[in-house]
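Okay, here's what each chain looks like letter by letter:
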Amino acid sequence: MRKVCLFLLVMAFSGLAQREAAMKADLAGQIDAMKKQAQVMVDSVFSFGELGFQEVETSRYLSGILEKEGFHIERGVAGIPTAWVASWGEGKPVISLGSDIDDIPQASQKPGVAWHEPLIEGAPGHGEGHNSGVPLNIVAALAVKKVMEREHLKGTIRLWPGVAEEEVAAKAYYVRAGMFQDVDVCLFTHVANNFSVTWGASLNTNGLVSVEYLFKGESAHAAGAPWRGRSALDAVELMDVGWNFRREHLRLAQRSHYVITNGGDQPNVVPPTASVWYYFREADYDHIMDMWRIGDNMAKAAALMTDTAFSSRLLGSAWPGHFNRPIAEDMYENIKKVGLPQWSEDDQTLAKALQKELKVPVRGLNTKVPEMRVPPPPAPTDGEDGEAAGNMPTGGGSDDIGDISWNVPTITLRYPANIPGGPGHNWADGIAMATPIAHKGVVAGAKVQAMTMLDILLHPELVEKAWDYFKNVQTKDVKYKSFLRPDDRPAIWLNRKIMEEYRPRMKALYYDPSKYDTYLEQLGIKYPTVR
């Protein structure tokens, strides 16, 4: 009898596994059938080329597609005009899909051309590849929606855009607005040059606060009566000098950078106003807050030295990310199932030509999925200062997905839609982003995303494990505290003037899929164009 029961149990599990495999094969087939739709979305968003908080065309276009597919759209969420949430389905689990949509200043670039050649000199462009992530999520969501309808599966799918990620200026407001209060799992996506997903914390990423300091002095004739002026620009420069000396005495993990956003009007007028914008990056909340305190003290000192006054405003913030182990491990199995795209000779030719142009190792596109990275063990503290003896954070970039990761189990799927070797935030990182490289990477990434969504729908225990890790490992000793203060508001004025300057010329280059098969065809670019 025991053998019979065991046999029946094995057969049942086998049947479930076969059904699940068939459903994943169906998802992959559906997504392959949406290749054209993916290409059109990727190329269209590339052509819009909008900076943070000004993603008007991008948001209208992407949310409009989802609305036509039966999703309910809530626009203007968290007080941000270009933010939206698209929802479909009912009940649990609630699966949240996010990806960024903004681009980079002065990164305009002709796609498929393996050297620097802007579409419009000085204009913004997708030099980070953010034109690809939401299209990936839309394709995945539409495929899963069909399976849910056919199989009568309960659950809710929600999609949203990462607005102004380059300013790390929106997702903390999403959290504050309650966008994730009932979410079970968040599956975020970000462009890369290979597949990867990680769990735990990272030693080479930071959180940050983005702060602008605004100094006010008194104008005067810079030659006739300079003694009657009080230079706000002097205050900015003294603050910057002080900060640059202080760098030596900050932890290795810190990253800090600034731009002078207002340096005065003209040389013969003592500047009555001036401002400087800082990013203060560190590896944890307390060290970020300490850098912010030091920055405030530098501003006070500069104001005292110049007999000026100052105020400051928070323009953005991000927690260091911590990603969910059970979901990441499940997603990695789907990455192995899908594998990397089959790159053509033309794809590899473009990649190698760009790498040669950039004077980096010429190795072409990746053809092997890397092993999943395992985070290093926590470093023991050593000595009276409490600093870690080993595995110290080394610092790096930031992404405000970190705030979401401390409020709901979250992972980031990195998908292969770009060329290895780019410097990041640069025209070179836009070259592949409206070419077959990006199109193939988005399709492959959508398959992984859809298969992971299906796992979450079919396996309630996966959600339980994700929350167990979140509650008993990730947040056992570290609790989320927003950098936002009660009176802070999204900096929705950022980049408005730049887009007002360039948008009229950029509109003439918007992709028209009713006339052209691809954006490359519309631009008259032979793929690939190399030296």
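A brief structural summary. Counting restarts for each chain, with residues numbered from 1 along the sequence as it is written. Residues qualify for local features only when their pLDDT is at least 70, as the model is predicted, and side-chain atom pairs are given and counted only at 80 or more; totals for whole chains, interfaces and linings, by contrast, use all residues. Hydrogen atoms and water are omitted, and side-chain values are computed over all heavy atoms in the structure.

## Section: unusual backbone geometry
- The amide bond that connects K92 to the next residue, P93, takes the cis arrangement and shows omega of 0°.
- In DSSP terms, a helix is any run of H or I states spanning at least four residues, a strand is any run of E spanning at least two, and both are numbered starting from the N terminus. Structurally, the position occupied by P93 is in the loop between β2 (84–90) and β3 (94–100).
- With an omega dihedral of -10°, the bond running from Y527 to P528 counts as a cis peptide bond.
- With respect to the element layout, P528 can be found in the segment after α14 (519–523).
- Look at D307: it is not a glycine, yet its phi comes out positive at around 55°.
- By secondary structure assignment, the location of D307 is in the loop between α7 (285–306) and β9 (309–318).
- Look at K359: it is not a glycine, yet its phi comes out positive at around 60°.
- Positionally, K359 belongs in the loop between α9 (345–358) and α10 (401–405).

## Structural notes on the packing of aromatic side chains
- Stacked, tilted and edge-to-face pairs are distinguished by plane angle, under 30 degrees for stacked and over 60 for edge-to-face with tilted covering the rest, among Phe, Tyr and Trp rings (Trp via its six-membered ring) whose centres lie within 6.5 Å. A full pass over the atoms with the stated rule returns 22 aromatic pairs.
- On the basis of an interplanar angle of 80° and a centroid distance of 6.3 Å, the ring pair of Y213 and Y278 is categorised as edge-to-face. Placement of Y213 in strand β6 (residues 207–216) and of Y278 in strand β8 (residues 273–282) is noted, with a sequence separation of 65 residues between them. The burial state of Y213 is the same as that of Y278; both residues are buried.
- Relative to Y278, the ring of Y258 lies with its centre 5.0 Å away and its plane at 35°, an arrangement referred to as tilted. Of this pair, Y258 sits in strand β7 (residues 255–262) while Y278 is found in strand β8, placing the two residues 20 residues apart along the sequence.
- In this structure Y258 comes out as partly exposed when scored by relative accessible area, which is 29%.
- For every residue, the accessible area obtained with a 1.4 Å probe (protein chains only) is divided by the maximum for its type, and the residue is called buried under 20%, exposed over 50%, and partly exposed between those limits. Of the residues examined, Y278 reaches a relative accessible area of 0% and is grouped as buried.

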